[in-house]
Every structure is written in C-alpha cells, then in structure tokens.
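Observations on the model geometry
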Amino acid sequence: MSKLAEDQIKQRTAQLGKGWERLGDMLVRTWQFASPQRALEFVNQLAQLAARRNHYPDILLSYRDVRIELATHSEGGLTDADFDAAHEIDSIAIDR
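This write-up is about the structure you can find in this document. Quantities reported herein were computed from a predicted structural model and do not represent experimental measurements.

Remarks on the overall build of the protein chain
- A tally of regular secondary structure across the protein chain gives three helices and four strands.
- Along the protein chain, helices (α) and strands (β) appear in the sequence α-β-β-α-β-β-α when read from the amino end.
- Its C-alpha atoms give the protein chain a radius of gyration of 13 Å, near enough to 12 Å, the size a compact globule of 96 residues would have.
- Considering only C-alpha atoms, the protein chain reaches an extent of 40 × 25 × 20 Å along its principal axes.
- Out of the 96 residues belonging to the protein chain, those deemed buried represent 36%.
- Pairs at least 24 apart in sequence give 65% of the contacts found in the protein chain among residues at least 6 apart.
- About 5600 Å² of surface is accessible on the protein chain, with carbon and sulfur atoms providing 48% of the total.
- Charge-centre separation for the protein chain: the mean point of 12 positive side chains lies 5 Å from the mean point of 15 negative side chains.

Considering the pairing of strand β2 (residues 26–32)
- Inspection of the sheet shows strand β1 (residues 21–23) paired to β2 by three bridges, in the antiparallel sense. Bridge assignment links R22 to a residue of β2, and that residue is L27.
- The antiparallel pairing of β1 with β2 creates a hairpin that spans two residues between the two strands, and G24 there sits at a positive phi of about 65°.
- For β2 and strand β4 (residues 65–70), the ladder comprises six bridges, and the chain directions are antiparallel. Paired with R29 across the strands is I68, a residue of β4.

A word on the packing of aromatic side chains
- Per the stated rule, a full pass over the model turns up three aromatic pairs.
- Each ring, one from F33 and one from F42, has its centre 4.9 Å from the other, and the planes form 40°; the classification is tilted. The same class applies to F33 as to F42, namely buried.
- Here the aromatic residues W20, W31, F33 and F42 are joined through ring pairs into a cluster of three or more.

A word on the environment of E69
- Within the secondary structure, E69 sits in strand β4.
- Discounting residues that sit within four places of it in the chain, E69 has contacts with M26, L27, V28, P57 and D58.
- In this structure the side chain of E69 is engaged in a polar contact, spanning 2.8 Å, whose partner is the side chain of R67.

Topic: the sheet that holds β2
- Reading across the sheet, the four strands line up as β1-β2-β4-β3 and stay open at both edges, with antiparallel pairing between neighbours. Looking along the sheet, the strands with just one partner apiece sit at the ends: β1 and β3 (58–62). If you compare each strand with its neighbour and ignore which way they point, the axes differ by 25° on average.
- On the sheet, helix α3 (residues 80–92) packs against β2 and β4 and is oriented at approximately 10° with respect to β2.

Cut-offs used in this document
Per chain, residue numbering runs from 1 following the sequence as it is written. Totals for whole chains, interfaces and linings use every residue, but because this is a predicted model, local features are given only for residues with pLDDT of at least 70 and side-chain atom pairs only at 80 or more, for both listing and counting. Hydrogens and water molecules were not included; the side-chain quantities draw on all heavy atoms of the structure. We count a stretch as a helix when DSSP gives it H or I for four or more residues in a row; a strand needs E for two or more, and each element gets its number in order from the N terminus. A radius of gyration in this sense is built from C-alpha atoms; the matching globule rule multiplies 2.2 Å by the number of residues raised to 0.38. Remark: exposure states derive from per-residue accessible area (1.4 Å probe, protein chains only) relative to the maximum for the residue type, with buried under 20%, exposed over 50%, and partly exposed in between. By definition, residues are in contact when any of their heavy atoms lie within 4.5 Å. For accessible areas, the Shrake-Rupley method is used with a probe of radius 1.4 Å. Any residue's cover is judged against the shown protein chains and nothing else. For the purpose of counting charges, residues Lys and Arg are taken to be positive, whereas Asp and Glu are taken to be negative. His and the chain ends are not included. The atoms used to mark charge sites are NZ of Lys, CZ of Arg, CG of Asp and CD of Glu. When DSSP finds at least two bridges between two strands, those strands are taken to pair. Classification of ring pairs rests on two measures: the distance between centres of Phe, Tyr or Trp rings, Trp counted by its six-membered ring, which must be within 6.5 Å, and the angle between planes, read as stacked under 30 degrees, edge-to-face over 60 and tilted in between. Polar contact is the term for a pair of N or O atoms within 3.5 Å; when the atoms are in protein, one must be able to donate a hydrogen and the other to accept it, and sequence-neighboring residues count only if both atoms are side-chain atoms. Helix axes use the C-alpha atoms of the stretch in contact, all axes being lines fitted to C-alpha atoms, and the angles between their N-to-C directions lie in the range 0 to 180 degrees.

Have a look at this one:
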C-alpha cells in the first residue's frame, strides 16, 4: 500500500460520508452516541473491523463520544486503506 498523491487524496476525500475531515495526513471523524454503552459497543465493532482489515485507527472514547483518526503510519500518510476503512466504519456507525 503506497501513500496517495495529493490529487488522489482530494478526490477520495470528496467521496467520503458526511462528518469526515482531513487534518494533515489523517482522516478524522467524531460520533456522539445516545449512551456511553452504545459508544463502547461501537468501539468494539471498530476493533473487530480493524482486526479483520489489519488496519488500526487511533480511537478516542470519551463518555458518549468516539473520535476516529485514520492514517497509514507505515507509509507516512493516507492510503487507499484509510479511505476504504472510513467507508466501512460509516456502515457500522449507522445505528447510533
């Protein structure tokens, strides 16, 4: 997996779901859940997704909020794996 060029990053960022933003070499999104328990359930779902993909985001859990930061550390920036993970994360976050 290689780091994407700037034009590729802009194109892929435009295709992301609502709420994602690019901060430097990361994709970031925060969700607020109805309860702390639901937030923790989401984090557990993220852990399973990450293990299946072998691509691990940075996750910050704070009461009902979950912040995800995606980057491919080994490549020093954003790769297709980050954007693919963002799309899959959106699909599991629907029931919040």
